[in-house]
Amino acid sequence: MLYDIWTVFWRDWVVLKRRMVKFLLSRMVAPMLYLVAFGWGLGRSIDVGGGSYLDFLVPGILALNSMNISFNSIIPVHAERVYHKSLEEYIIAPICPQSFVIGKVLASVLRGLLSSAIIVGLAVLFGARFTVTPLFLLVLVLNCVIFAEIGFWAAMVIQTYEEMGQVNTYILLPMSFLCGTFFSTNALPDVLRWFIELLPLTHTSGLLRCIGSGGDGAMGSVLVLMIYAVLCFFLGNRAFLRLRR
Amino acid sequence: MMQSPMIEINSLVKRFPHKDVENRDAWKTAVDGLSLSVREGEIFGLLGPNGAGKTTTIRMLTMQTAPTEGRVFYDGKELREHERDIKRLIGVVPQHVNFDQDLTVGENMELHARLHHMGKAERRARIGELLRYVELSEVVNDRVRQLSGGMKRRLLIVRALIHRPRILFLDEPTVALDPQVRRRIWDLVRRMATDGVTVFLTTHYIEEAEALCDRVAIMNKGKLIAVGQPLELCRQMGSYTVEWDAAGTREYRFFPHRNEAADFAAKLASEEKVLVRRTNLEDVFIELTGRKEGL
């Protein structure tokens, strides 16, 4: 099974290596804009309880960027399934179906982490202060895994490219803004906050912010992310198996 | 000598959910109780008009879609119980070009070899050998989208052969290809069979089936309606055909012997364009599947 996971990952690694420079450069644009606009510009006039807004913002940007990159990196599987039909090559191969899901998710996690590394580098250049610990990395990896799995599931069940865009519009975009990325969820009405605190990105933002500022991080939130990761894996795997019905 | 069946299909059924004319949930039967067997080393053709169920059959046999009912055995092993072992036995050439568009020719081949757990040295040697075999060595580093239609088809076939399958499935292998390329593909398929590979192909080109196949099965509306050697099927229909123009349509009659056909033709002296000839597989196909199919 490990060899099969490596094979699926190898395919994405070959493609990523070929496009590495383009990938890295394009991933710098959005975080740079966030850091300039919200960190330097708007951030100067925002009080977040003593610390700088930039320090508050960076974990949020890491959370939302790792979500977006992991999700969007796996979306081409949709074209492989619906348009190019190249997914058939994996379906008829003597490999364990879970190897395909895990290999694709890991390849997207790699992209999510590379992109996060760029943000960490830029944030340091912008003067942000935060601590990166093993738990911080674990949370980041879990966030990438969850959204890569959600992307994989969407790529397996959605029929058209337009509908894929709707997942972005109705799920990722609201989460990007509401899940404690740019402001604390404490500012929201209770009912909305209760709902938002069920979402994985809220836990990621909170954990990264807490650990990044030297705190221990709520292990309950880590557990929630792990449960999301397991559930989303089963969802994606089930959708992949159902392709053969 | 009786050869053992390499593929044995028992009462295979595939139903798909669909919406009927009144938009209610219903089931469409694409393959309806198909039973047949394919011998080791033979080239077996599955013929049928569009929508007959050929591609669905191949998709079930290659585990791309699960049968609703029925069982399939490969070399005595039941498909569902030995799925991964059977996947190692088979190679699949799809009807459409399904290469990974982000990879080069060589990378597509390598992906297939890796998916079949071939070691580095073995896969390099095999990929080189197969690309030389179909004269595609020079495009090994090109993206697949840069290849011509004929090159893509040849590449699809050799990709399916990398792991040395004992059974090769070809779904409409020469669809939309020009006659020169079609003949080259036929030569390639014959060479596979000479090397001991069992070939199972679907086609709606009758001359392709006549040129290649040891035996053919004819499907229509999901059901098997005839199976046998092309010559045998022609003999069953009547080895000689008389055709003539009548009231704006072409009419056909079949006779077991040439003299009977000639006598009948002599009585049609007043009719236009009377022709006596040998019955071919196309006559059998059209008689069995109906003249209006595909219109």
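A quick note: this is a predicted structure, and the numbers were derived from the prediction, not measured. (Residues numbered from 1 in each chain as written. Chains lettered and ligands numbered in written order. Predicted model: local features only at pLDDT ≥ 70, side-chain atom pairs only at ≥ 80, totals over all residues.)

## Quick word on the overall build of chain A
So, point 1. Helix and strand counts for chain A stand at 11 helices and 0 strands.
So, point 2. Listed by position from the N terminus, the elements making up chain A come as α-α-α-α-α-α-α-α-α-α-α.
So, point 3. For 245 residues, the compact-globule formula gives about 18 Å, and the C-alpha radius of gyration of chain A, at 18 Å, lands near that figure.
So, point 4. When its C-alpha atoms are laid out on the principal axes, chain A stretches across 60 × 40 × 35 Å.
So, point 5. Put simply, chain A has 245 residues, and 44% of those count as buried.
So, point 6. The long-range share in chain A, meaning contacts at least 24 apart out of those at least 6 apart in sequence, stands at 83%. (Helix = DSSP H or I, 4+ residues; strand = E, 2+ residues; numbered from the N terminus. Rg over C-alpha atoms; globule rule 2.2 N^0.38 Å. Buried ≥ 20, exposed ≤ 12 C-beta atoms within 10 Å, placed from the backbone. Contact = placed C-beta atoms within 7 Å.)

## What to know about the overall build of chain B
So, point 1. When helices and strands are counted, chain B shows 10 helices and 13 strands.
So, point 2. Projected onto its principal axes, the C-alpha positions of chain B cover 70 × 50 × 45 Å.
So, point 3. The long-range share in chain B, meaning contacts at least 24 apart out of those at least 6 apart in sequence, stands at 69%.

## Considerations on the sheet that holds strand β5 (residues 77-78) of chain B
All names here are of chain B.
So, point 1. Reading across the sheet, the 4 strands line up as β2-β1-β4-β5 and stay open at both edges, with antiparallel pairing between neighbours. Strands with a single pairing partner mark the edges of an open sheet, and in this sheet they are β2 (25-39) and β5.
So, point 2. Seen against the sheet, helix α1 (residues 54-61) touches β1 (5-19), β2 and β4 (69-74) and runs at an angle of roughly 70 degrees to β2. (Pairing = 2+ DSSP bridges. Axes fitted to C-alpha atoms, helices over the stretch in contact; angles between N-to-C directions.)

## Comments concerning the interface of chain A and chain B
So, point 1. On the chain B side, the residues contacting the 19 residues of chain A number 24 residues.
So, point 2. Among the secondary structure elements, those contributing two or more residues to the side of chain A that touches chain B are α1 (2-18) and α5 (88-91) of chain A.
So, point 3. If one sorts the elements of the side of chain A that touches chain B by residue count, α1(A) sits on top with 6 residues.

## Let's talk about the nonpolar core
So, point 1. If you look at the biggest cluster of nonpolar residues, it comprises 130 residues, and the most contacted ones within it are I146(A), A148(A), F152(A), L168(B), F169(B) and V199(B).
So, point 2. Ranked by residue count, the leading element in this core is helix α7 (residues 134-157) of chain A, at 15 residues.
So, point 3. The residues touching F169(B), leaving out its near neighbours within four places in the chain, are I58(B), L61(B), T62(B), I90(B), V92(B), V93(B) and F200(B). (Core = buried A, V, L, I, M, F, W, Y, C linked by C-beta atoms within 7 Å.)

## Here we look at the packing of helix α2 (residues 20-41) of chain A against helix α3 (residues 53-74) of chain A
Residue and element names in this part refer to chain A.
So, point 1. Across the interface, α2 lies against α3 with an axial gap of 10 Å and an inter-helix angle of 155 degrees. For the element pair α2 / α3, the angle class is roughly antiparallel. For the pair α2 and α3, the crossing hand works out as right-handed. Judged by residue contacts, R27, A30, P31, Y34, F38 and G39 of α2 engage Y53, L54, L57, I61, N65 and I69 from α3.
So, point 2. Class assignment of the residues belonging to the contact of α2 with α3 gives a composition of 9 nonpolar, 2 polar and 1 charged. (Parallel < 35°, antiparallel > 145°, perpendicular 65-115°, else oblique. Left-handed = near helix turned anticlockwise from the far one by under 90°. Nonpolar A, V, L, I, M, F, W, Y, C, P; charged D, E, K, R; others polar.)

## Section: the sheet that holds strand β12 (residues 249-255) of chain B
Residue and element names in this part refer to chain B.
So, point 1. Ordered by their spatial adjacency, 3 strands build an open sheet running β12-β11-β13, and the pairing between neighbours is antiparallel. Two strands close off the open sheet at either side, each with one partner strand: β12 and β13 (272-278). Averaged over all neighbouring strand pairs, the angle between strand axes comes to 20 degrees, with direction disregarded.
So, point 2. One ladder, built from 7 bridges, connects strand β11 (residues 240-246) with β12; its direction is antiparallel.

## A word on helix α4 (residues 120-133) of chain B
Think of an α-helix as turning once every 3.6 residues; residues three or four places apart then point the same way.
All names here are of chain B.
So, point 1. The terminal C-alpha atoms of α4 lie 20 Å apart, and with 14 residues this matches the ideal 20 Å at 1.5 Å per residue to within 8%.
So, point 2. Residues of α4 that are buried: I127, L130 and L131. Summarising the axial view, the buried residues of α4 lie within an arc of 100 degrees, below the 170-degree limit, and thus occupy one face. In α4, those exposed residues whose orientation departs by more than 90 degrees from the buried face are A121, A125 and R132.
So, point 3. In this fold, the buried residues of α4 make contact with α3 (105-115) and α5 (149-161).
So, point 4. Among the residues trailing α4, E135 stands out with phi positive, at a value near 55 degrees. (Expected span 1.5 Å × (residues − 1). Arc of directions from axis to C-beta.)

## Side note on the confidence of the model for chain B
So, point 1. Residues with a pLDDT of 70 or more make up 97% of chain B, whose mean pLDDT is 88.
So, point 2. Across the whole predicted complex the pTM is 0.85, and at the interface the ipTM reaches 0.85. (pLDDT = per-residue confidence, 0-100.)

## Quick notes on unusual backbone geometry
For residues that are not glycine, phi is negative in most cases, and the peptide bond is trans in most cases.
Residue and element names in this part refer to chain B.
So, point 1. Even without being glycine, E135 reaches a positive phi, approximately 55 degrees.
So, point 2. By the secondary structure assignment, E135 is in the loop between α4 and α5.
So, point 3. Judged by C-beta crowding, with 11 C-beta atoms within 10 Å, E135 ranks as exposed.
So, point 4. If you check the backbone angles, E172 has positive phi at about 50 degrees while not being a glycine.
So, point 5. Topologically, E172 is positioned in the loop between β7 (167-171) and α6 (179-194).
So, point 6. Taking the number of C-beta atoms within 10 Å as the measure of exposure, E172 has 19 and is therefore partly exposed.

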